[in-house]
Amino acid sequence: MPEQVDQGKDQLKKGFKGLLSKIGSAIEDAATLEVTTFSGNFEYKASDVIKNNVNKVQIENVLKTMATQSDVNLTLVAYTNVKIDSDVTTFVKGNLTSEQNELLALHKDMLESSKEARQSVINLVKGLIKA
Amino acid sequence: MLLQELLGKLEIEGDKSPSKKNEDTQHLVELGYLPLFHATPFFSKQVALAKQQFLEDLQTANYIEAPELELYQKIGPDEFVSYFLRKVTDIDEGVVFKSLPAPKEISLKSRIIHYRLDLFGMWIQPLTTQSPYTSRTDVQLRILAEHVKLSTLETANLLADIEKFTDHLLSLYPQQDFILSFKSPNTDDGMRKKLQRRGAFKSQLVDDLEGRTDFFKQLKKNVLRSNDKKIDTGFLSSNSRNPLKLFLLRLIQVHQWKNGFYSGLLDDDMGPVTLQSTLDSIAFYNDGLDGGKKIKEFQVLTYVTDGYFLFNALFFLRKYAIEKDDKAGDLWSNMHEEVKNAKGDKQEAFQNNLEGMRKQLDGEDDHPKQKRGLLARIYFGIGSFIKKLAGMAKKVFKWVVKKVTKFLNVLKNAFRDFFKNLKTGIKAFLDGIKFILGNKTSVTMDDGTSGWLLTKFRLDGDVTSIANSNDLELIQKHIHKNKYMVSTLGFALTVVSVIVKLVFRALNFLSWPLLLINIVKAFKSIKASYQTLYLKPV
């Protein structure tokens, strides 16, 4: 029995080492922030979302579905790039309809959220480094 | 074990942790937000409405600090409701008011005061805590205020801290007032015989009264006789009807219930179940305290005659009810050391028995029920008792490993707290990890149309949103949801950082139970540090 326990311990160690290496490789690209907002007249049925287990739905799946639909019309509403030295570049689609204007509010808000999320990641790294 | 396997195993662990099941429902009933007959899974809509009403009342409760509300919003919506339901029903570290409710007021405050009166046997209409605050409330509060020699407001606040309340009584009354007598006609001969040791009781009494006082002499002459025929039952009967002493018996029952020794009704009845719980708590501390002075049950509780018992509550309340050991640290941190240093076979036994305890807790029927017009309930706010157990971590570990059933109820109370923190800790940890692995996607859908909004957050901060609807209401809903998600992210990533650090420090000893204890330990310490950060005076 203790042999099994030791084996379990080794496996756990491997799992956690894998986690640390994932964190290491995933945080390499935090120098710039990119916030992108699209709108489109495509359809992604509720049933498809539910089928993908709502919270676990992957944006790639949505894009894949859109790619298979010939009548998809994806429009870039706004794009913002924030560099670590605080340089900010924003593109906004011209001639936004009044309805699409509402999506600008979403874009602005996501920009704030992305900054907050990045700060949390920086805090995570700080926390891991701190003895 | 691959990383995905590890995360999958943790997800299962979090899912199978006993859900809080009926804790929230019980509190909603206790506060009068939910009628008892709606406290079943068939009435989930009514339960949700009751929670909603509670949350609305909470927003206007100026005795809850805004930063505390903000802090628990960061941990998650379920945790938010549960935390505040537990907080307002807590009698360890409960809420304190600046004023009493206005006449005829129905508010969370009036409900809390009725709930407290009900617990301490002073609310004349059990299960009607939703009643308005009236002169009847005031009369009952005044009876209690008379016992504690304080104003009604001070009394209502003192009930939020049962230890402080008990301490106050102990400092207010002469020692002899804590020597109680009661009639318990349903106790069996076995228990009576076991406790019929008046000599030992007398010796302990002399110690606690600090000498052979007049009261001691009076007891010796009238009650503590070796010849039963010479015992004055009239003295015992009149002593048993003293209102303060009756209240003290109720207080002891509440203490026993709060600490998990007593699972019966709060009914003032010192019947066999309450008596047994008293004996159990004495055995518990005898067994758990290394090197401390052990006491025999009959030294503090003795059978006299005709169903009458004498109880040295002075010793009992001082020794077992008051928790003052702040130096013992945290139970789960101490348990962490025990598990870390245990051999493989003991770790395995601990894990297996923990699993058994989890199943027991999960299988428990803890629906709030009505019995003889009273609410059968569990005490969930076990903060101070957990503090006391911290100094007994070595014994608690042994009891779990050896599967000691004698103290099962107490252990279940402690591990209910463990599993609750484990479940929420695992959720925060996995939320943080999912974000790190780039899996944090939020979708908001319109129930009526096929409209939806989808946003993906990447670890480097990049955010992509796709919308197939420009509906203002849906966009606002999505913004609100994401704001909430990002604000909880900071907490989740802090949990990840602390757990990863803790695990790597103990990597050579790492086992599954040690990992689980690490998660609970990390989650509790982060909650505490957030609390300090958010609640520190500006």
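Residues numbered from 1 in each chain as written. Chains lettered and ligands numbered in written order. Predicted model: local features only at pLDDT ≥ 70, side-chain atom pairs only at ≥ 80, totals over all residues.

Thoughts on the overall build of chain A
For chain A, the helix and strand inventory stands at four helices and three strands. Each helix (α) and strand (β) of chain A, taken in turn from the N terminus, gives the series α-β-α-α-β-β-α. In chain A, which comprises 131 residues, the proportion classed as buried is 24%. Of the contacts formed within chain A by residues at least 6 apart in sequence, a portion of 68% connects residues at least 24 apart. (Helix = DSSP H or I, 4+ residues; strand = E, 2+ residues; numbered from the N terminus. Buried ≥ 20, exposed ≤ 12 C-beta atoms within 10 Å, placed from the backbone. Contact = placed C-beta atoms within 7 Å.)

Focus on the interface of chain B and chain A
Interfaces are frequently sized by the accessible area removed from exposure as the parts join. On the side of chain A, 59 residues touch chain B, which itself brings 54 residues to the contact. Every element with two or more residues in the side of chain B that touches chain A is listed here: α1 (3-16), α19 (344-363), β6 (440-445), β7 (452-457), β8 (463-467), α23 (472-505) and α24 (512-535) of chain B. Examining the composition of the side of chain B that touches chain A, we find that 17 residues originate from one element, α23 of chain B, more than from any other. Looking at the side of chain B that touches chain A residue by residue, the classes come out as 29 nonpolar, 17 polar and eight charged. As paired strands, strand β1 (residues 32-40) of chain A and β8 of chain B are joined by five bridges and run parallel to one another. Bridging across to β8 of chain B, T37 of chain A finds its partner in S465 of chain B. (Nonpolar A, V, L, I, M, F, W, Y, C, P; charged D, E, K, R; others polar. Pairing = 2+ DSSP bridges.)

Brief notes about the nonpolar core
All names here are of chain B. Ranked by size, the top nonpolar core spans 159 residues in total, and within it A313, V495, V496, I499 and I519 carry the most contacts. Ranked by the residues each element gives to this core, the list is headed by α23, at 15 residues. For I499, the contacting residues outside a window of four places in its chain are F429, N518, I519 and A522. (Core = buried A, V, L, I, M, F, W, Y, C linked by C-beta atoms within 7 Å.)

What about the domain arrangement of chain B?
Assigned domains within chain B: domain 1 (173-321) and domain 2 (426-535). Its C-alpha centre places domain 1 of chain B at a distance of 53 Å from the equivalent point of domain 2 of chain B. (Domains from an automatic or database assignment.)

Some details on the packing of helix α2 (residues 23-30) of chain B against helix α5 (residues 77-88) of chain B
Residues and elements named next belong to chain B. At their nearest, the axes of α2 and α5 sit 10 Å apart, and the two run at 45 degrees to each other. Judged by the angle between their axes, α2 and α5 are oblique. Viewed along their axes, α2 and α5 form a crossing whose handedness is left-handed. Counting all contacts with α2, which are made through E23, D24 and H27, the residues of α5 involved are V81, S82, L85 and R86. Taken together, the residues of the contact of α2 with α5 break down into two nonpolar, two polar and three charged. (Axes fitted to C-alpha atoms, helices over the stretch in contact; angles between N-to-C directions. Parallel < 35°, antiparallel > 145°, perpendicular 65-115°, else oblique. Left-handed = near helix turned anticlockwise from the far one by under 90°.)

Considering the confidence of the model for chain A
Across chain A, the average pLDDT comes to 71, with 62% of residues at or above 70. Taken element by element, the predicted model of chain A shows its lowest mean pLDDT in helix α2 (residues 46-51) of chain A (51) and its highest in helix α4 (residues 98-129) of chain A (83). (pLDDT = per-residue confidence, 0-100.)

A word on helix α14 (residues 243-258) of chain B
Residue and element names in this part refer to chain B. A rise of 1.5 Å per residue sets the reference length of α14, with its 16 residues, at 22 Å; its end C-alpha atoms lie 22 Å apart and thus fit the reference within 8%. Burial in α14 covers these residues: L248, L249, L251, I252, Q253, V254, H255, Q256, W257 and K258. Remark: G260 follows α14 within two positions and exhibits a positive phi of approximately 85 degrees. (Expected span 1.5 Å × (residues − 1).)

As for the sheet that holds strand β1 (residues 179-183) of chain B
Residues and elements named next belong to chain B. Across the sheet, three strands lie side by side as β1-β3-β2; this open sheet has antiparallel pairing. Each edge of the open sheet carries a strand with a single partner, namely β1 and β2 (301-305). Strand-to-strand twist of the sheet, defined as the mean angle between neighbouring strand axes without regard to direction, takes the value 25 degrees. The pairing of β1 with strand β3 (residues 308-312) spans five bridges and is classified as antiparallel. Within the sheet, the bridge partner assigned to F182 lies in β3 and is F309. Packing against the sheet, helix α13 (residues 233-240) makes contact with β1, β2 and β3, and its axis sits at approximately 100 degrees to β1.

Here we look at the confidence of the model for chain B
Residue and element names in this part refer to chain B. Summing up the model confidence of chain B, the mean pLDDT is 86 and the portion of residues at 70 or higher is 94%. Between the elements of chain B, mean pLDDT differs from a low of 78, seen in helix α4 (residues 66-75), to a high of 97, seen in helix α8 (residues 152-158). Reported confidences for the modelled complex are a pTM of 0.80 and an ipTM of 0.76.

Details of the pairing of β7 of chain B
Residues and elements named next belong to chain B. The element β7 is largely enclosed, with a buried count of six among its six residues. Side chains W452, L454 and K456 project from β7 onto one buried face, and the interleaved L453, T455 and F457 project onto a second face that is buried too. In this sheet, β7 lies alongside β6 in antiparallel orientation, the contact comprising six bridges. Bridge pairing links S442 to T455 in β7. Taken together, β7 and the strand that follows it, β8, pair antiparallel across an intervening segment of five residues, in which G461 is found at a positive phi of about 105 degrees.

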